[in-house]
Amino acid sequence: MLAKLTARGMALTLSVLLFSTVVFGQKTVTGRVTGPDSQPIVGATISIKGTTVATVTSASGDFSISVPSGRNSIVVSSVGFDEQEITIGNATTIAVSMKERISNLNEIVVTGYTAQKKKEITGAVSVVSVKDLKSIPTGTAEQMLQGQASGVTIIGSGSPGEGSNVFIRGITTFGNVAPLVIVDGVQSAPGDLSTLRDLSANDIESVQVLKDAQAAIYGARGSTGVIIVTTKRGRGKNTITYDGYYGTQRVLPGNPWHKATPQQMADLLFLAAFNTGQVKADTAAVCPGCVVSQQYGTGMTPVLPDYIRAGGLSGVSASNPATDLSLYNQDYAKGPIYLIVPANKTGTDWFHALFKPAPIQSHTLTASGGSDKSAYLFSFNYFNQQGTLLNTYLKRYAARINTLFNVKNNVRVGENLYAFYKDNPRIGNNQEGNAVNNTGWEQPIIPLYNSGGGFGGTAGSELGNSSSPYANQVRAKDNKNFDWQIQGNVFAEVDFLKHFTAKTLFGGNLDNNYGFYHNYRSYENAENSASNGYGEYASYHSNWNFTNTLSYSNIFAKDHSVKVLVGYEALQYRARQLYGNRINYFSDDPNYLNLNTGSNTGQSNGNDVNQLYSIHGTAVLAKIDYAYKDKYLVGLNGRRDGNSVFGANSRYGNFGSVSVGWVASEEEFMKNIAFINNLKIRGSYGILGSISNVPASNQFTTYNSGGGNSYYDVGLSGTPTLGFYAASYGNASTSWEENEILDIGFDATVLKNKLDISFDWYKKKINGLLFRDQAAATAGVGATLPFVNIGDMQNTGVDVSATYRGKVNNDLSFSIGANFGTYKNTIVKIPGAAGFFETAGTHNTGNQVRNQTGHPVGAFYGYHIIGIYQNADDVAKSPTETDAAPGRFKYQDVDNNGKIDDNDRMFYGNPNPDFTLGINLSVQYKRFDFSMVMYGSFGNDVLNYTRYFQDFWPQFQNAKSGALLTDSWIPADRSLPRAQWTAVNPNAKYPIVENNSYFSTNGVLNDFYNENGSYFRCKQMMIGYNFNPSLLKKAGVEKARLYFQAANLFTITKYTGLDPEVAGSASTFGVDYGNYPPSKTLNVGVSLTF
Amino acid sequence: MNKNILKFFIPVAFCSLFIVYACKKNYLDVPNTGALDPGLVANKIGVAGVLVGAYALLDGEGSSAGTNNGPWATSSSNWVYGSVAGGDAHKGSDPGDQNLITPIEQWNATPANGYLDQFWQQRYDGAQRANDVLRLMRLATDMTPADTLEAAAEARFLRAHYHFELAKAFNKVPWVSEDQMYTAGNFLTPNIDVLPAVEADLAFAYANLPETQAQGGRANKWAAACYLAKVYMFEKKFNEAKDLFTTIIANGQTARGQKYALTVQFEDNFNPAMKNSPESVFAVQMSVNDGTGGANANQGDALNFPYGGGAQTDCCGFFQPSFSLANSYKVDASGLPFLDGSYNNTDLKNDMGIASATAYTPDNTTPVDPRIDWTMGRRGIPFLDWGVMPGQSWIRNQAAAGPYVSIKHTFYKSQVGTYTDASAWSNGFTANNYNLIRFADILLMAAEAEAEVGSLATAMTYVNMVRQRMVNTATWVPGSPANYKIGLYTSFPDQAYARTAIRFERKLELATEGHRFFDLTRWGIGAAELNPYAAHEATAGYGSMSGVTYTTGKSEYLPIPQNQIDLSNVDGASVLTQNPGY
């Protein structure tokens, strides 16, 4: 099919080429472009107005361009300068003097298949400053976008190479919320941000974010917004530049988990035993009322042991013969494990055993140049970010070749090619029991290493169930996760018949991921793995789009500007994944382990079924932009999309938008208002679509077989017989999710062009929200239910951005920009009988998040604590509550029926922020520059689930918060019957420390974990110095800049966990299971141009 | 000019249209990958495979329906719902571990408890897999009437089982027939008394299944008869039950053609090397080292092993027998249990609060039923071939969960790697079958039916058959210092005595096998048995049971899972009715 299609595509291209040889009468104009200091401007664009004929200036600022007959104006533009339009008249030589730009209205903005000047745009588009973008030192480009565009929410993590959540104008789907990413005209696979993530920041020319209905030109891909990235092309004289920085990432200081010391842990164990009454009975002959601890002895106060483990014993004194090192064995091959583990009485700092300062560096070498015949850019980037967490890192080698050839005056061909290779082992970020989480769980009395040189761990009594994160991460050193990708396109453009341009583009992304991992037999933990193992995996993803457009541009009767674009597009996504795993290897030597050398039994291999698919799409599209006197603007666009994931009868969807703009400042009556330099009022409305994350299998009812799922030993042979099971129910009528988007806004430039303001109000309504159906178990829910279109969701919000530029004198200028985004999300309808669905299930507390009609997406749901029961009277007067007792939580009786039950759960937290705010500040003083980016999220809640383990004693007696010892509810007189207890500290923050979980403590999910997740972070701060070019010349250097930079310098927050920026999925985010915190980074960098 | 436009536009437009329309038809037709089209299974071989798939969920694991809490929530042995809730054992382990079990143990689970929803989903998935056989078989053109009858009989046996599991736990539940399915949209039906339908399916299976099967893991005629008789007991149809039991005891045989009989050694019923014995009426087949990473092993019991200190596994110390159960094995001078409840007056000596390093002498004077040490590990008594049970060092959190460990679902040291899965993360993935019904269970139910409507003498004979096995000293734990004693009943003076004796015998014989709670509900004596039990356990040192109450009229059944009530909403009201008291 691909071959067939490509052949047809070539037919089209050829026919385009054939008809393009028509030549019209023309003349040549030459000239020079200079800046304010009469220095030549290199790489300025000269274009013939009303056509797409263009060239760029050479190193000397000179240009030469052929002017088609009937054309009489050239337009000169260059980054940082005001665009100029010059009438040619009879001239053949033109000198152009450019003025530094103080307004951004003439910026060229890519708005989907075409580019427009900002002043002509009728939609809501955020243009991201590439300079600010580049200044964030991170290996993931989407994190660079944070705080740069209003209405764009980015939630990242400190884990090198980890993807971020990106929401444009909030969350509008339960499935795939990631925006469409278009890099040089190549569309990403649905939900895939990786083509953006791994871009080298120095290669980026511009980034635009389409936020409103105008994204309808991307039809079924536009509803979650579109991020359009254009990479650099060579221009002007041949230059070589080097950009590099080197720095160090610092870790959180102090005791970030607020952990108890070993003595405090022992005291807590005794406190719990006293509170629970698990003490020696009064009638016992020895030590009545004493606590019996296997680690800390029997008595009224704990005594820290010398050894926490010696053979099968816990709480061992140094004199015990069991601590004889000759007994020690950690090797399963040599016989039973025998550990001798000393107590670390001063306490092990597990967090800082794993998190250590780590270097980060980036080096980019770029060679580029261009003439009116061709342009090239070659760049190479080496990026190496060592994680602050042991054995996590991102190393990436990337190369880019972008070229463009003006084959004839009206024919351009070119390509963009980006290839990279990366090595990026990561942890399962924000997952319960990951390395970050385990640094919080591991008790401080446990040493990093035991007496025999092996790892220390939770093996032994009363030490919890954590697995040693240190041992795990040290062992992870040989685990690898590689990825190499090729992204790019080839394209050809032909101008003909004056007003027409045809363009064909074929581009895509090939992603190859492979890696391997080792599982070791652990001996040091409370729960150990009985076998060693090795696994290897490889996956392949590809996507391509073949896009053909024909555009027409003309101006009628001077005042009527018309631009029309029609196009056709075909798309495809494919994926495969293979994996294999073997266990029970003779040796743990990582050089020995491969898939052939393991045991014959216990091997597994296969395809990941979710990664086996091929999705095809087609689209026809059209776009019309009309402007009258540059004052009244109208844009129309439409697209018809077809996609193979939907059934034959519901495969196609029509999408479109209309947008209008009124440049009020062009009206005569406005021209007298001096402080308004420009004012454009805009509005747009459209219907966009999404396939969300509907899988390729959605329309099919299928059966399948699986060893664990449907095999059974009916033959009593020990080898199970093949069986089948209903695997999925298909739905052939599932179709596109439709987003209705209304946007009203304005762009204004005021105060002598010093202040740009952009404001948008929007409403997004999602009809036929795609949602995996949920059904009662009687339907047989072992088979996967299909996605259906029955949900509805609505977002309303406001985006505002403003930039103020000031110039104090010739030496000092500054700019300050702010962008602000707020949205209110409401789920209008959830399908199925229940009207809600729950996510974020943990086996400890059940589901934490309920998505329910009338509430925002991702809301936290559970019991609301109104206090701690203080005494028997308090319990008696309160509604009936299971396990109610003094010292435990009192829940709110939401339905006022005098009884606390399931109906009393309520929505207590909302992870959606009230607003996000980004602030960009830059100051230029002589040769110094200073910049700062701040980002904040306000009014969002975080469910700090890590506190479930830290603040409740029964959770396996892993490490606890030290504050429990003094700030938990402590009974005044334990000799009284329990029901009569009162506290010595009635204002305690924590409930009574007990040995068991109860409904009224942490047995069910309540809002104990809910915290204000607001934060304001100094994302980066930088001071640079530009050396005097005249001094540099001798060294053959044209420009040189040295800078010092600090990223994540400070964060203002009340959040008590490691970091309030907590990612997740579309329907579950802001739940902290152990999030890799971002690091404070200090860099020194240099940029050199030769 | 116009000519040029035409010259250009016509071919371009033509090409574009050509691409759009030529491709449209098949470019977007992408076949599914990685799964079977229904047409490929709607035939004799396919239906046979789907039937195996319906068996495959007997082990409580494998369904993708509701897996949040792990296979322990859906274990075939019902250790949580039958034994822990029934007072045979405590949850065990650390109090915080799997703490959703705690409210079930305390008979106050809320409808939102994730264990219940998962159990519900898994059993209904099993029922629908059985229904898939009945549906697909109608589409198959290569099946003879005999083929379909056989397939239908096995499928209906399984469908009855899955529904019965639900009825035991939740009482009234929806019945799902082969006509109800997701695609038809008719799967929401009220919860009703499904036992008549279960009975009908089992009667059909009894009538149409062969006496023996080439594949011994399948249900046969007699397995269906036994299951049917068991259902009669739950329906209190004692006459029908008695007659059927009489037939079964006279003629019943396993699918492999072995006449039903008690094994000589009691412990063989729980030994993976001796499984599918003549006592095994119908068992859930477990297999290991079969390439599935332990997925066909007895995963539901994988947490229930002595913990650490050189014990069987490093996981996870759940399912620790109760003080009361230990006390129940105390016998009087004639080797008979204390039917008056006095067994709990004092606790059998145990090592609560005594470190493994501290010397301890197990009780060697108090006479106890020898079955105790095949049921629960006690300090100082040999534990299978693992050596003498060392006490605290095999217990995860003795202060919180007591001094005992359970035995019946475990394995021998010599079986590591052969009857345990070598590819799983723990040795706790075993090939130990779960006996859904074993012949001792049949004898005791038969005794019960006789006592209710027939002859007390016959009832006593059946009880004594079960006890007789243990009289043989060769069946006692070798090398045990305990003072074993067991005697036979000499008379059942009246019906009340017979009932008490038979019920007590079920507790002793079938302890930790997942039956107790359902029996108590069936007998209507939950509060009478369990409230004193809770009080005793709290006193003995199991803090979780303090202040816990079994409420008559409520605690007999688990609440219908809230999630299912919510999902069964039709026009604003749920078709499901919540159980009383919740």
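Residues numbered from 1 in each chain as written. Chains lettered and ligands numbered in written order. Predicted model: local features only at pLDDT ≥ 70, side-chain atom pairs only at ≥ 80, totals over all residues. Heavy atoms only, no water.

Across its full length, chain B carries 18 helices and ten strands. Relative to the 2.2 N^0.38 estimate, which gives 25 Å for 582 residues, the radius of gyration of chain B is 27 Å and therefore close to what a compact globule would have. Once the C-alpha set of chain B is aligned to its principal axes, its extents read approximately 115 × 55 × 50 Å. For chain B, the proportion of its 582 residues judged to be buried stands at 66%. Taking the contacts inside chain B whose residues are at least 6 apart along the sequence as the reference set, 71% of them involve residues at least 24 apart. Distance from the positive charge centre (42 side chains) to the negative charge centre (54 side chains) of chain B: 3 Å. (Helix = DSSP H or I, 4+ residues; strand = E, 2+ residues; numbered from the N terminus. Rg over C-alpha atoms; globule rule 2.2 N^0.38 Å. Buried < 20%, exposed > 50% of the residue type's maximum accessible area, 1.4 Å probe, protein only. Contact = heavy atoms within 4.5 Å. Lys, Arg positive; Asp, Glu negative; His and termini not counted. Charge placed at Lys NZ, Arg CZ, Asp CG, Glu CD.)

Let's shift gears to the overall build of chain A. Each helix and strand in chain A was counted, giving 13 helices and 55 strands. Its C-alpha atoms give chain A a radius of gyration of 33 Å, near enough to 31 Å, the size a compact globule of 1090 residues would have. C-alpha atoms of chain A, sized along the principal axes, occupy 120 × 70 × 65 Å. Counting every position in chain A, which comprises 1090 residues, the buried fraction comes to 60%. For chain A, the proportion of contacts with a sequence separation of at least 24, taken over those separated by at least 6, is 68%. Surface accessibility of chain A: about 39,400 Å² in total, with carbon and sulfur atoms responsible for 56%. (Areas by Shrake-Rupley, 256 points an atom, 1.4 Å probe, with all protein chains shown as cover.)

Moving on to the interface of chain A and chain B. Taken together, the contact pairs 111 residues of chain A with 116 residues of chain B. In total, about 9,200 Å² of surface goes out of reach between chain A and chain B, with carbon and sulfur atoms giving 60% of it. Summed over the three residues of chain A that lose the most area to chain B, namely A:Y703, A:Y712 and A:T778, the buried surface amounts to 9% of that side. For the pair chain A and chain B, the number of links is two salt bridges. The shortest N-O distance in the salt bridge between A:R651 and B:D29 comes to 2.7 Å. At the boundary of chain A and chain B, one finds 23 residue pairs in polar contact (both at pLDDT 80 or more). (Buried area = accessible area lost by both parts, 1.4 Å probe. Salt bridge = Lys/Arg side-chain N within 4 Å of Asp/Glu carboxyl O. Polar contact = N/O pair within 3.5 Å; in protein donor to acceptor, adjacent residues only side chain to side chain.)

Per the counting criterion, the structure on display carries 68 salt bridges over all chains. Two residues, A:D756 and A:R805, come together in a salt bridge whose shortest N-O distance is 3.0 Å. In this pair, A:D756 is assigned in strand β38 (residues 755–772) and A:R805 in strand β39 (residues 787–807), connecting sequence segments 49 residues apart. On the basis of relative accessible area, A:D756 is assigned to the buried category, the value being 8%. The salt bridge involving B:K237 is made with B:E199; its shortest N-O contact spans 2.6 Å. With B:K237 in the loop between α8 (221–234) and α9 (238–251) and B:E199 in helix α7 (residues 195–208), this residue pair connects regions lying 38 residues apart in the sequence. Taking relative accessible area as the criterion, B:E199 reaches 16% and is therefore assigned buried. Connected through shared salt-bridge partners, B:E279, B:D369, B:R371, B:K408, B:R438, B:R467, B:R469, B:E505, B:E509 and B:E513 make up one network.

Residue and element names in this part refer to chain B. In total, this model carries 77 aromatic pairs over all chains according to the counting rule given. Centre to centre, the rings of Y343 and F504 are 5.5 Å apart; their planes meet at 80°, and the pair counts as edge-to-face. With a gap of 161 residues between them, Y343 in the loop between α10 (323–328) and β4 (367–368) and F504 in helix α15 (residues 495–510) connect regions that are remote in the sequence. Just as Y343 is buried, F504 falls in that class too. (Phe/Tyr/Trp six-rings, centres within 6.5 Å; stacked < 30°, edge-to-face > 60°.)

Further remarks concern the environment of A:E527. Mapped onto the secondary structure, A:E527 falls in the loop between β27 (500–519) and β28 (533–556). Not counting chain neighbours up to four residues away, the residues in contact with A:E527 comprise A:N465, B:D97, B:Y307, B:D314, B:C316 and B:R396. A distance of 2.8 Å separates the side chain of A:E527 from the side chain of B:R396, its partner in a polar contact.

What follows is about the sheet that holds strand β49 (residues 941–944) of chain A. All names here are of chain A. An order of β50-β49-β54 is seen for the three strands of this open sheet, with the pairing classed as mixed. Of all the strands in the sheet, just β50 (1010–1012) and β54 (1071–1072) have a single pairing partner and so form its edges. Judged from the three bridges that link them, β49 and β50 form a sheet pairing that is antiparallel. Bridge assignment links V942 to a residue of β50, and that residue is E1011. (Pairing = 2+ DSSP bridges.)

Turning to the sheet that holds strand β2 (residues 45–48) of chain A, a few remarks are in order. Residue and element names in this part refer to chain A. In space, the four strands of this open sheet follow the order β3-β2-β5-β6, with antiparallel pairing throughout. Each having just a single partner strand, β3 (54–56) and β6 (84–87) make up the two edges of the open sheet. On average, each strand axis in the sheet is tilted by 20° relative to the strand beside it, whichever way the strands run. In this sheet, strand β5 (residues 73–77) lies alongside β2 in antiparallel orientation, the contact comprising four bridges. (Axes fitted to C-alpha atoms, helices over the stretch in contact; angles between N-to-C directions.)

Looking now at the packing of helix α2 (residues 44–56) of chain B against helix α5 (residues 114–139) of chain B. All names here are of chain B. One way to put it is that α2 packs onto α5 with a least axis distance of 8 Å and a crossing angle of 170°. Comparing the axis directions of α2 and α5 gives the class roughly antiparallel. The hand of the α2/α5 crossing is left-handed. Each of V47, V50, L51, G53, A54 and A56 in α2 lies in contact with α5, whose residues at this interface are R129, A130, D132, V133, L136 and M137. Here the residues of the contact of α2 with α5 sort into nine nonpolar, one polar and two charged. (Parallel < 35°, antiparallel > 145°, perpendicular 65-115°, else oblique. Left-handed = near helix turned anticlockwise from the far one by under 90°. Nonpolar A, V, L, I, M, F, W, Y, C, P; charged D, E, K, R; others polar.)

Our next topic: the confidence of the model for chain B. Within chain B, residue pLDDT values average 91, and 95% of them lie at 70 or more. In the predicted complex, the global pTM is 0.87; the interface-specific ipTM is 0.94. (pLDDT = per-residue confidence, 0-100.)

All names here are of chain A. Considering all chains together, one arrives at one disulfide over all chains under this definition. The disulfide partner of C287 is C290, and the gap between their sulfur atoms is 1.6 Å. Between C287 and C290 the disulfide shows an S-S torsion of about -65°. By sign, it is left-handed. Its relative accessible area of 25% is what places C287 among the partly exposed residues. Residue classification places C290 among the buried residues on the basis of a relative accessible area of 2%. (Disulfide = S-S within 2.5 Å.)

What follows concerns the nonpolar core. Core analysis: the biggest nonpolar cluster contains 188 residues, and B:Y81, B:W107, B:F157, B:F170, B:F245, B:I248 and B:I442 have the highest contact counts within it. Here the element with the most residues in this core is helix α6 (residues 145–170) of chain B; it accounts for 13 residues. When near neighbours in sequence (up to four residues on either side) are disregarded, B:W107 contacts B:A85, B:F517, B:L530, B:N531, B:Y533, B:A534, B:M545, B:V548, B:T549, B:Y550, B:S555 and B:Y582. With 75 residues, the next largest nonpolar core counts A:I340, A:V341, A:F860 and A:Y1009 among its residues. (Core = buried A, V, L, I, M, F, W, Y, C linked by side-chain atoms within 4.5 Å.)

Moving on, we get to the environment of A:G854. All names here are of chain A. Secondary-structure assignment places G854 in the loop between β42 (846–852) and β43 (860–862). G854 gets classed as exposed once you look at its relative accessible area, which sits at 51%. Between the alpha carbons of G854 and V166 there is a distance of 24 Å; along the sequence they are 688 residues apart. Once residues lying within four places of it in the same chain are set aside, the contact partners of G854 are T826 and I827.

Let us look at the pairing of β28(A). Residues and elements named next belong to chain A. For β27 and β28, the ladder comprises 20 bridges, and the chain directions are antiparallel. Its bridge partner being in β28, A502 is matched across the sheet by L550. With 24 bridges joining them, β28 and strand β29 (residues 560–583) adopt antiparallel strand pairing. Pairing of Y552 across the sheet is with V564, part of β29.

All names here are of chain A. Backbone geometry places D630, a non-glycine residue, at a positive phi of 55°. Using a relative accessible area of 44% as the deciding quantity, one classes D630 as partly exposed. Although it is not a glycine, N1048 adopts a positive phi angle of roughly 50°. Given a relative accessible area of 17%, N1048 falls into the buried group.

All names here are of chain A. The alternating pattern of strand β55 (residues 1080–1089) places T1081, N1083, G1085, S1087 and T1089 on a buried face, while none of K1080, L1082, V1084, V1086 and L1088, on the opposite face, is buried. Here ten bridges tie strand β17 (residues 239–250) to β55, and the two strands are oriented antiparallel to one another. Among the inter-strand pairings, Y245 is bridged to a residue of β55, identified as G1085. The pairing of strand β52 (residues 1039–1047) with β55 spans nine bridges and is classified as antiparallel. Looking at the pairing, Q1045 lines up with N1083 of β55.

Another point: the environment of A:L679. All names here are of chain A. Looking at where L679 falls in the secondary structure, it is placed in strand β34 (residues 676–690). For L679, a relative accessible area of 16% corresponds to the buried category. Distance from L679 to W662, taken between C-alpha atoms, is 8.3 Å for residues 17 residues apart in sequence. The contact partners of L679, leaving out residues within four places of it in the chain, are W662, V663, A664, S665, M670, F746, D747 and A748.

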